[in-house]
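Survey of secondary and tertiary structure
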Amino acid sequence: MRLHRLSGDMGILAGAFVLLWFAPSFASDYALQISFRVMIYLTLAESWNLLTGSVGLVSLGTASFVGLGSYVAFGLANHFGAPIPVILVVCALAGAVLAALVSPALFRLRGVYFTVGTLALAALLQLLMVNLPTFGGASGIFLKHDPPPLASLYHDALSVALVASLAMAICARTRISVIIRAVRDDEDAAAQMGVRPYRVKLAAFALASALIAMAGAVQAINLGAIEPYGAFGLQWTIDALSMVIIGGIGWRLGPLAGVLFVVMLGEMLANYPEAHIAITGVILIVLIRFAPGGIVGMFARLFTRSTRLSSP
Amino acid sequence: MNAAAAPLLEVTGLVKRYGGVVAIDHVDLQLWAGTITGVIGPNGAGKSTLIGMIGGAVTPSAGHIRLGGRDISRLPASERARAGIGRTYQIPRPFLDMTVAENLEVAQYSMAPLIGAGPARSARIELLQLTGLLDVAGVPARALPLLKRKRLEVARALALKPRVLLLDEVGAGLIDSEITELITLIQAVADASVAIIIVEHVLRVVRACCARSMVLNFGKKLIEGPTAEILAHDEVASVYLGTGGARQSAPAAPKDEAAPPPRDPGSLSQLIAPRSSAASRPPLLELQGICAGYGQARVLKGIDLQVHEGEAIAILGANGAGKTTLARTITGAINPTAGTLRIAGNDAAGRPAHDIAGLGIAHCMEGRRIFPTLSVRDNLLVAARRVDRATAQQRLAAVYELFPILAERAAQGGTSLSGGQQQMLAIGRALMARPRLVIFDEVSLGLAPIIMDRLYEALATLKAAGMTLVIIEQDVDRALALADKVYVLEHGIFGLAGDPRDIADDPRLRHIYIGTAD
């Protein structure tokens, strides 16, 4: 039965992927640019939802891996002229390796200390980049060659988002989900069931970090120039977090709903940037107070309530 | 049992220290496949610590645990589970948001990630049938009542296909008929390849399931042998009933430190609230039909009790009978679900704890609850904050007179004291509020006989000075000697009540404690 649901997810994802693949042939440049942003944010939000919603690790380290992906991608492109698929694979590896390297220190910390630890990691990497002239220092690096056209980058972002969504479908629909939820609900009881909580957390952290690093790489190449304050900026972390909370933390469709909502809101209020930030903040506060399950959780509740009312 | 074969689980010289406290002191244990062993002993004897160390949740300070010859003493809990040790938690810890079936899947898929879905499902159905959970397989664990949660604990441990199964108080909080079901379940899961340890206060379970038992007392193995012999043993009866301590230590000459100093009754009056002068006054404490519990576990099922000024009441009962719950209900730490609670005529049911303390009820809590960061003096002064400095100092002097050792240690940290001194501090702190009634919850638990005598002398002095006392005790003899009236709690109701002399001779008292009444 569970495999049925997994193949159902796969079917929907494949259909959406094929449909969206052909978007550049009919969509305007503006629509393509928005879609590109949706794909990048979707990858970040899915990864954060895996860590925080599913495994229960509240991470503020998204920016560390966005920045890591950006710098690794520029290094590979500028020094080796590497093609984008190679760049993405190396960035994914780099993200996973960094996650594995810092996990002995981070997983020693539980709860809020883990969260602060991930925040410190982003700050540390940012300071490191600012102070290392090899990596361009505070002024950053430019891409030596012209970036590929938007349509091609859009396909890359779409592919990364597909990989992220597939990974999440596998985590949510197979027996892996039972293990992940056990670790989130009660680590000690899970260990007593033979689950190795450290390995589960490390695997999720490495997977999320690999996905975030790939998104960071595509995003940086699209920009054509990176500098530490942007690449390792706290804004990446806040964006991913607020999108998932608005969409519905822990829900399968939460990241997608949150990303679409926030990106559309941003476009509607594009001429009033201050109002955009303020309104997002107010929405966040109102949702946390009245609908902690976010948009998806709210609809799920309304739906079950109405079905309950209609049944005798 | 084949004694010549190597034991499946072998525990040698196991020690667990928490700071200066030794919870488990050089315990040895051997388990053979196909046997069920009972572990009994008073609260705080170290039973759950022993389970925790075998299961891997608690790291031993010294000693070795070998499973089938392999030393597993330093392995984390997950590796022990994989090596074949399944345990249950005393307070069930299911994954609340998962269904019952998914709870079992955790164990199945962590042990065998690639097991086929079909075999896994039929194994689950078999386990659910065995534990009587098949009809709730799709229900979230959160919706299960306590008994079913305990069964889920057992089912989940069995899903590991363990070679050693550790059942930690799976019978606590269950009523008689539920215990019968539990015994049937344990007998059904026992087979020739598994060794089972049952830690239990419900001795009926031990008697029905365990061929052999060991008794833990103060972290040490007191005795081990066939269960029937163990339960008939005088020493075991005295660990539970406390008769040995009182009889042996009464004639012993008290040590210098413990000698009660001559007292001026005037100083004690600093600690005892003046009696109300009304001619026909209501009882100081009155309970009618009080029911209370924790979530699914109903502990008190209709308690009636009257305490008049100047009386000393003893409340006895086996572990899990509801004694501490009764104390917590009176002092407002938990709210009764039914019944009336009056303090000096005022309705006090559902009022917060500090209100009830304001009505003159002090609670000397089980486990002492000393503030570790405060000195002995500050621990005492905390309880007398609403009075002026001079009055507080007078009360402090009166407490020091009752327990001179506290004056000597006044500047030390509260938890640097020995267990007995900490208990004196807890009693002194309860008195600092100058209460009208003090509830003493298990003041003798975990203390050496000589210290218990010293504490009971202090309680006798307080009673003689006119204090109203409610004493909750497992140590029957000492409580009977002090009380004017005795109530025996059994399964949340008073099974026995009356004059201490009559109760002492009542064979039902022993039955209630040891459980032969079944």
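Remember, it's a predicted structure, so these values are computed and weren't measured experimentally.

1. So, the overall build of chain B
A count of helical and extended segments in chain B gives 21 helices and 20 strands. Expressed as a percentage of its 518 residues, the buried residues of chain B come to 47%. Put simply, 68% of the contacts in chain B that link residues at least 6 apart link residues at least 24 apart.

2. Points about the overall build of chain A
What chain A contains, in helices and strands, is 15 helices and 2 strands. Each of the three principal axes of chain A carries a C-alpha extent, and together these read 70 × 50 × 40 Å. Among the 312 residues that make up chain A, the fraction classed as buried is 44%. By sequence separation, contacts in chain A at least 24 residues apart represent 77% of the contacts at least 6 residues apart.

3. Focus on unusual backbone geometry
As a rule of thumb, non-glycine residues mostly have phi less than zero, and peptide bonds are mostly trans rather than cis. All names here are of chain B. One non-glycine residue with positive phi stands out, namely Ala344, at about 50°. Mapping Ala344 onto the fold places it in the loop between β14 (338-343) and β15 (346-347). One non-glycine residue, Glu442, adopts positive backbone phi at about 50°. Along the polypeptide, Glu442 turns up in the loop between β17 (437-441) and α18 (449-464).

4. As for the sheet that holds strand β11 (residues 285-294) of chain B
Residues and elements named next belong to chain B. The strand order across the open sheet formed by 4 strands is β12-β11-β14-β15, and the pairing between neighbours is antiparallel. Each edge of the open sheet is held by one strand with a lone partner, namely β12 (297-307) and β15. Two strands pair when backbone bridges link them, and β14 and β15 are joined in this way by 2 bridges, in the antiparallel orientation. Looking at β15, one finds that Ile343 is bridged to Asn346. The sheet strands contacting helix α12 (residues 323-330) are β11, β12 and β14, and the helix crosses β12 at an angle near 65°.

5. Considering the domain arrangement of chain B
Domain annotation for chain B reports domain 1 (9-232) and domain 2 (309-334 + 350-514). Between the C-alpha centres of domain 1 of chain B and domain 2 of chain B the distance comes to 34 Å.

6. Section: the environment of Pro60(B)
All names here are of chain B. Its place among the elements puts Pro60 in the loop between α1 (47-55) and β4 (62-67). Put simply, Pro60 and Arg17 are 43 residues apart on the chain and 8.1 Å apart in space, counted from C-alpha to C-alpha. With residues near it in sequence (within four places) discarded, Pro60 still touches Leu14, Val15, Lys16, Met53 and Ser73.

7. Details of the sheet that holds strand β19 (residues 485-490) of chain B
Residue and element names in this part refer to chain B. What the 6 strands build is an open sheet, ordered β16-β17-β18-β13-β19-β20; its pairing is mixed. A strand with exactly one partner marks an edge of an open sheet, and here the two such strands are β16 (361-364) and β20 (493-498). Taking the axes of each pair of neighbouring strands and ignoring which way they run, one obtains an average angle of 20° across the sheet. The sheet contact formed by strand β13 (residues 312-317) and strand β18 (residues 468-473) spans 5 bridges and is parallel. Following the sheet pairing, Ala312 is matched in β18 by Leu469. The sheet contacts of α12 involve β13, β16, β17, β18 and β19, and relative to β17 the element is tilted by about 150°.

8. Some points on the interface of chain B and chain A
In this complex, chain B contributes 22 residues to the contact, which on the side of chain A involves 16 residues. Breaking the side of chain B that touches chain A down by element, the ones donating at least two residues are α2 (77-83) and α3 (100-111) of chain B. If one sorts the elements of the side of chain B that touches chain A by residue count, α3(B) sits on top with 7 residues. Broken down by class, the residue content of the side of chain B that touches chain A amounts to 12 nonpolar, 3 polar and 7 charged.

9. Details of the confidence of the model for chain A
Confidence in the prediction for chain A averages 89 pLDDT; 96% of positions are at 70 or higher. For the stretch residues 306-312 of chain A, pLDDT sits under 50, and the model shows 0 contacts to residues farther than four places along the chain or on other chains.

10. A short note on helix α5 (residues 146-159) of chain B
Residue and element names in this part refer to chain B. Between its first and last C-alpha atoms α5 spans 20 Å; for 14 residues at 1.5 Å apiece the expected length is 20 Å, and the two agree. The element α5 is extensively covered by neighbouring structure, given that 13 of its 14 residues are classed as buried. Two residues or fewer after α5 comes Lys161, characterised by a positive phi angle close to 50°.

11. Some details on the nonpolar core
With 164 residues, the main nonpolar core has Cys91(A), Met214(A), Ala217(A) and Ile198(B) as its most contacted residues. Among the elements that make up this core, the one with the highest residue count is helix α10 (residues 197-223) of chain A (15 residues). Discounting chain neighbours no more than four positions away, the residues touching Ala217(A) are Gly69(A), Ser70(A), Val72(A), Ala73(A), Ile87(A), Leu88(A) and Cys91(A). Counting 78 residues, the second largest nonpolar core, distinct from the first, contains Val399(B), Met432(B), Val470(B) and Ile471(B).

12. Quick word on the environment of Gly294(A)
All names here are of chain A. Its place among the elements puts Gly294 in helix α15 (residues 294-310). It is 39 Å that separates the C-alpha atoms of Gly294 and Ser139, two residues lying 155 residues apart in sequence. With residues near it in sequence (within four places) discarded, Gly294 still touches Ile245, Ile246, Gly247, Gly248, Ile249, Trp251, Gly254, Gly258 and Leu287.

13. What to know about the confidence of the model for chain B
All names here are of chain B. Residues at a pLDDT of 70 or more form 86% of chain B, whose mean pLDDT is 82. Confidence over residues 241-262 falls short of pLDDT 50; this stretch has 29 contacts with residues more than four positions distant or in other chains. Here the predicted complex scores 0.71 on pTM and 0.83 on ipTM.

14. A word on the pairing of β19(B)
All names here are of chain B. As paired strands, β13 and β19 are joined by 5 bridges and run parallel to one another. When the sheet's bridge partners are listed, Ala314 is paired in β19 with Val486. In this structure, β19 lies alongside β20, joined through 5 bridges in antiparallel fashion. If you follow Leu489 over to β20, its bridge partner there is Phe494. From the end of β19 to the start of β20, which pair antiparallel, there are 2 residues, and His491 there has a positive phi angle of about 50°.

15. Points about the packing of helix α4 (residues 62-80) of chain A against helix α5 (residues 84-106) of chain A
When two helices pack together, you describe them by how their axes are tilted relative to each other and by the distance separating the axes. All names here are of chain A. Running from N to C, α4 and α5 cross one another at 140°; their axes reach a closest spacing of 9 Å. Overall, the two elements α4 and α5 adopt an arrangement that is oblique. Considering only the axes of α4 and α5, their crossing is right-handed. Only Ile87, Val90, Cys91, Ala94, Gly95 and Leu98 of α5 make contact with α4, whose side of the interface consists of Phe65, Leu68, Gly69, Val72, Ala73, Leu76 and Ala77.

16. Considerations on the pairing of β11(B)
Residues and elements named next belong to chain B. Where β11 lies against β12, 8 bridges are found, and the strand directions are antiparallel. Across the sheet, residue Gly293 finds its bridge partner in β12, namely Arg298. Relative to β14, β11 runs antiparallel, the two being bridged by 5 bridges. Bridging from a neighbouring strand, Leu285 pairs with Ile343 of β14.

17. Some remarks on the environment of Ala208(B)
Mapped onto the fold, Ala208(B) is located in helix α7 (residues 203-209). Put simply, Ala208(B) and Ile186(B) are 22 residues apart on the chain and 9.7 Å apart in space, counted from C-alpha to C-alpha.

18. Regarding the packing of helix α3 (residues 29-55) of chain A against helix α13 (residues 254-268) of chain A
All names here are of chain A. In contact at an axis separation of 9 Å, α3 and α13 are set at 140° when each is read in the N-to-C sense. Judged by the angle between their axes, α3 and α13 are oblique. Along this stretch, α3 crosses α13, giving a crossing that reads as right-handed. Where α3 approaches α13, its residues Ile34, Arg37, Val38, Tyr41, Leu42, Ala45, Glu46 and Asn49 are matched on the opposing element by Gly254, Pro255, Leu256, Gly258, Val259, Leu260, Val263 and Glu267. When grouped by side-chain class, the residues that make up the contact of α3 with α13 number 10 nonpolar, 3 polar and 3 charged.

About the cut-offs
- Residues numbered from 1 in each chain as written.
- Chains lettered and ligands numbered in written order.
- Predicted model: local features only at pLDDT ≥ 70, side-chain atom pairs only at ≥ 80, totals over all residues.
- Helix = DSSP H or I, 4+ residues; strand = E, 2+ residues; numbered from the N terminus.
- Buried ≥ 20, exposed ≤ 12 C-beta atoms within 10 Å, placed from the backbone.
- Contact = placed C-beta atoms within 7 Å.
- Pairing = 2+ DSSP bridges.
- Axes fitted to C-alpha atoms, helices over the stretch in contact; angles between N-to-C directions.
- Domains from an automatic or database assignment.
- Nonpolar A, V, L, I, M, F, W, Y, C, P; charged D, E, K, R; others polar.
- pLDDT = per-residue confidence, 0-100.
- Expected span 1.5 Å × (residues − 1).
- Core = buried A, V, L, I, M, F, W, Y, C linked by C-beta atoms within 7 Å.
- Parallel < 35°, antiparallel > 145°, perpendicular 65-115°, else oblique.
- Left-handed = near helix turned anticlockwise from the far one by under 90°.

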